[in-house]
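Remarks on the overall topology
Spelled out from the first residue to the last, the chains are:
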Amino acid sequence: MSGTTIRILVSLSVLHGLNDAIQSAVAATYPLLKDDLALSFGQIGLITLTYQIAASVFQPFVGLFYDRHPSPASLPAGSCFTLAGFLLLAFAPSLPWVMVSVFMVGIGSSTLHPEASRLTSIASGGRRGLAQSLFQVGGNLGGAFGPLLVAFLAAPYGRHYISFFSVLPFAAILVALPVGRWYRRRLQLSRREEEQTGMKVRTESPLPPKTVVFSISILLLLIFSKYIYMASLSSYYTFYLIEKFHVTVQASQIFLFVFLGATALGTLIGGPVGDRVGRKYVIWVSILGAAPFTLLMPHVNLFWTVTMSFFIGLIISSAFPAILLYAQELLPYRLGLVSGLFFGFAFGIAGVASAILGKMADLHGIEAVYQVCAWMPLLGIITWFLPNLKKK
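**Re helix α4 (residues 59-68)**
- Of all the residues in α4, the buried ones are Gln-59, Pro-60, Val-62, Gly-63, Tyr-66 and Asp-67. Seen along its axis, α4 keeps its buried residues to an arc of 160°; they face one direction. For α4, the exposed residues lying more than 90 degrees away from the buried face are Phe-61 and Arg-68.

This is the structure in structure tokens:
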């Protein structure tokens, strides 16, 4: 990689971190919104649904649009939506305006993920696994810090202090501008090459269309299994530790940090390893390899529960970069569409799974959630049906 592309990759990772800090902060503002506007839990659910539609469902369509109409202004434009939405969220006078605000924030996320992931692939210099892992780690770190910012800088003072977080999307705009200039130069170079050769360059899929569709379906099922289990840990792990082992809230947060730290490390490892040994083998290990730990965790003491959670986070988090890159290699001429489809599906599954698992915990107890979800990584066995795309 050249110095220029490394700077671009770092910028895209920072953009991902800023965006995901804002996205995670949205949910953290719900208690403030509930108290300030006297909202019911049903209305909070409506806000979440509005956000999920914008942040998840729209991603493939945004990705497809920019695949067909590439624009250097895409990332700054997405950050502008996020900035406007977050400022409106701080001062929204009623539920409809809150829904408009989270919809705008969701549109910003729907723009960032497919576009930044596509540009990450373009700037990778062939080391796409390393580049994608770097991009993902930025998002992991940002998502972890968002709720902390709300807890310390807004919650003690009131909802209007959320407006101070507008510095994050404003910073994202500043970071996105040089990325846009770099992308404009790449587009101009590509157009000159097309004019000189008289033909449009298009990278073809390495597999027949039916095999591509079948493989994409397998990958989506793997995302389904991964994010259902991840939702059980990210949303309910602290409750599980408190109820089963009677730890304090503070201790449960520390143990959750152990899991989140492991996921960040696993994300960073998964991509480069896939560059060396092939995406399929990383997917094998990261999904199916987590199963022994997930099956054991509900039956061990506190020390081993925390230890198991570390290995689960380390192993299973390496799956997403490998799955996304495998899908991009299946459709190399639709990088934005593929990125939007997989990011959107992952977010959607996580949101729906959290709601369903919460209802299960209400009906059957929090331990039942982990006894059921422990079996999900076994679905990784279907990786067997994926063709091996590793280049000889």
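Read on, since the account is not over.
**Here we look at the environment of Ala-176**
- With respect to the helices, strands and loops of the structure, Ala-176 is situated in helix α8 (residues 167-197).
- A residue is classified by how much of its surface remains accessible, and Ala-176, at 0% relative accessible area, is buried.
- Spatially, the C-alpha atoms of Ala-176 and Leu-302 are 44 Å apart, while their sequence positions differ by 126 residues.
- Among residues more than four places away in sequence, those in contact with Ala-176 are Leu-15, Leu-75 and Pro-76.

**Some remarks on the packing of helix α10 (residues 249-277) against helix α13 (residues 302-316)**
- Orientation of α10 relative to α13, taken along the N-to-C sense of each, is 25°, at an axis distance of 6 Å. Considered as vectors, α10 and α13 are oriented roughly parallel to each other. α13 is crossed by α10, and the crossing has right-handed handedness. Each of Phe-255, Val-258, Phe-259, Ala-262, Thr-263, Leu-265, Gly-266 and Ile-269 in α10 lies in contact with α13, whose residues at this interface are Leu-302, Val-306, Ser-309, Phe-310, Gly-313 and Leu-314.
- Tallied by class, residues from the contact of α10 with α13 come to 10 nonpolar, 4 polar and no charged.

Criteria and thresholds
Residues numbered from 1 in each chain as written. Predicted model: local features only at pLDDT ≥ 70, side-chain atom pairs only at ≥ 80, totals over all residues. Heavy atoms only, no water. Buried < 20%, exposed > 50% of the residue type's maximum accessible area, 1.4 Å probe, protein only. Helix = DSSP H or I, 4+ residues; strand = E, 2+ residues; numbered from the N terminus. Arc of directions from axis to C-beta. Contact = heavy atoms within 4.5 Å. Axes fitted to C-alpha atoms, helices over the stretch in contact; angles between N-to-C directions. Parallel < 35°, antiparallel > 145°, perpendicular 65-115°, else oblique. Left-handed = near helix turned anticlockwise from the far one by under 90°. Nonpolar A, V, L, I, M, F, W, Y, C, P; charged D, E, K, R; others polar.

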